[in-house]
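# Structural characterization, general
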Amino acid sequence: MKRLDLGELLLLAAIWGASFLFMRLGAHEFGAIPLAALRVAGASLLLLPLLAMRQGLGELRQYWRALLVVGLLNSALPFALYSYAALSISAGLSSILNATTPLWGAIVAWIWLGQGLSGSRIVGLALGFAGVVFLAWEQASFKPGGSGWAVLACLLATLCYGIAANYTKRQLSSCSPLAVATGSQFSAALLLAGPALWLRPEALPSPGAWAAAAGLALLCTGVAYILYFRLMSRIGPSNTIAVTFLIPGFAVVWGWLFLAEAFTLRMAFGCAIVLLGTALALGLLKLRAQAAAMSGS
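Bear in mind the structure is a predicted one, so any value in this text is a computation, not a measurement.

### Description of the overall build of the protein chain
Helix and strand counts for the protein chain come out as 14 helices and zero strands. Going from N to C terminus, the protein chain has its helices and strands arranged as α-α-α-α-α-α-α-α-α-α-α-α-α-α. For 297 residues, the compact-globule estimate of 2.2 N^0.38 gives 19 Å, and the C-alpha radius of gyration of the protein chain, at 19 Å, lies within 12% of that figure. Across its three principal directions, the C-alpha atoms of the protein chain cover 70 × 45 × 40 Å. Every one of the 297 residues in the protein chain was classed for burial, and the buried ones make up 49%. Within the protein chain, counting contacts between residues at least 6 apart in sequence, those at least 24 apart form 87% of the total. Total accessible area on the protein chain is roughly 14600 Å²; 69% of this is exposed by carbon and sulfur atoms. Taking the average location of the 17 positive side-chain charges in the protein chain and that of its 7 negative ones, the two points are 12 Å from each other.

Next up, the structure:
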């Protein structure tokens, strides 16, 4: 990986880590669904002209049904769910739960596409979800004021991401990455427009909340997608997926700097378990049989 690619990978992780901060800053005033709607609408306004300049608008008409499904599963639902979670749990915890996305993707690929799971990957799945249970054990209270529903919302969002990734691979492999990004954001904007209008805030949000919504839309969605697909084309999916491991660190730092959120030893330990399990589930790490190493001794 060249120095420029590594720099862009770190920049992408920093931007996506900031999305959890912006959701914390905007969700209380806008509400979860209106904030998600503003996010995808703003991203669409940025991406549509770029796609038009590349004469790619025809792909939106050609693949509109599949793009509508991806827009629902990869943007509309997860963005609304994460915004809801931001009402009660920290940016750091949300980002750690978000790191389970590859685990769900592996499970969906196994069930739906019949992709086999090696012993290392099965151990990784079990370890990753054990880390989630460890993190949520003291927080998953479903009483009034508890954060149990927020934790479940994050996990449902990551499941949506896992389904969307496999659906995209199966139905949109011949569609250009920029068209997938643009079409999914535009579809999500259409899907959320009605609910967002119905649930619009009664009071006008503050300038700070509007700035957070703009950051989510333009930086964390529009610009981030451009960086993501540039990296995919230059360094490949296996290297680009490393961003998953970097996002929680940035999200924790942003939450600590701007919201005075605490990062406890329990969160650090749980994060390490989740990331180790994810690395095993992705095949980035493999367990080696100790018997082979000891044979002949």
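This is not the end of the story, as more comes after the structure.
### A closer look at the packing of helix H6 (residues 101-112) against helix H7 (residues 119-136)
The contact between H6 and H7 brings their axes to 10 Å, and the two run at 135 degrees. By the angle between their directions, the pair H6 and H7 is classed as oblique. Here the hand of the crossing between H6 and H7 comes out left-handed. Here Leu103, Trp104, Ala106 and Ile107 of H6 lie close against H7, whose contacting residues are Gly124, Leu125, Gly128 and Phe129. Residue composition of the contact of H6 with H7, grouped by class: six nonpolar, two polar and no charged.

### A look at the pattern of salt bridges
Summed over all chains, the structure comprises one salt bridge. With its nearest N and O atoms 3.2 Å apart, the salt bridge here joins arginine 24 to glutamate 261. On the criterion of sequence distance, the pair formed by arginine 24 in helix H1 (residues 3-30) and glutamate 261 in the loop between helix H12 (243-259) and helix H13 (265-281) is long-range, its members being 237 residues apart. Exposure remark for arginine 24: the relative accessible area of 23% places this residue in the partly exposed category. Overall, the relative accessible area of 11% leaves glutamate 261 in the buried class.

### Let's talk about the side chain of glutamate 59
When you line up the elements, glutamate 59 lands in helix H3 (residues 57-62). The charged side chain of glutamate 59 is buried without a salt bridge, its nearest counter-charge being arginine 54 at 9.1 Å. Within the local environment of glutamate 59, its side chain forms a polar contact with the side chain of serine 176, the two groups lying 2.8 Å apart.

### Here we look at the state of the cysteines
Under the criterion given, the structure shown has zero disulfides. Of all cysteine sulfurs, the one in cysteine 154 lies closest to cysteine 220, which takes part in no disulfide; the gap is 16 Å. A relative accessible area of 1% means that cysteine 220 is categorised as buried.

### Points about helix H5 (residues 91-98)
The element H5 is largely enclosed, with a buried count of eight among its eight residues. Where H5 is concerned, the buried positions are Ala91, Gly92, Leu93, Ser94, Ser95, Ile96, Leu97 and Asn98.

### A few points about helix H4 (residues 64-85)
For H4, built from 22 residues, the straight-helix expectation of 32 Å at 1.5 Å per residue is met to within 8% by its first-to-last C-alpha distance of 30 Å. In H4, a bend of some 40 degrees at leucine 72 exceeds every other bend along the element.

Calculation criteria
- Residues numbered from 1 in each chain as written.
- Predicted model: local features only at pLDDT ≥ 70, side-chain atom pairs only at ≥ 80, totals over all residues.
- Heavy atoms only, no water.
- Helix = DSSP H or I, 4+ residues; strand = E, 2+ residues; numbered from the N terminus.
- Rg over C-alpha atoms; globule rule 2.2 N^0.38 Å.
- Buried < 20%, exposed > 50% of the residue type's maximum accessible area, 1.4 Å probe, protein only.
- Contact = heavy atoms within 4.5 Å.
- Areas by Shrake-Rupley, 256 points an atom, 1.4 Å probe, with all protein chains shown as cover.
- Lys, Arg positive; Asp, Glu negative; His and termini not counted.
- Charge placed at Lys NZ, Arg CZ, Asp CG, Glu CD.
- Axes fitted to C-alpha atoms, helices over the stretch in contact; angles between N-to-C directions.
- Parallel < 35°, antiparallel > 145°, perpendicular 65-115°, else oblique.
- Left-handed = near helix turned anticlockwise from the far one by under 90°.
- Nonpolar A, V, L, I, M, F, W, Y, C, P; charged D, E, K, R; others polar.
- Salt bridge = Lys/Arg side-chain N within 4 Å of Asp/Glu carboxyl O.
- Polar contact = N/O pair within 3.5 Å; in protein donor to acceptor, adjacent residues only side chain to side chain.
- Disulfide = S-S within 2.5 Å.
- Expected span 1.5 Å × (residues − 1).
- Bend = angle between axes of the 7 residues up to and from the residue.

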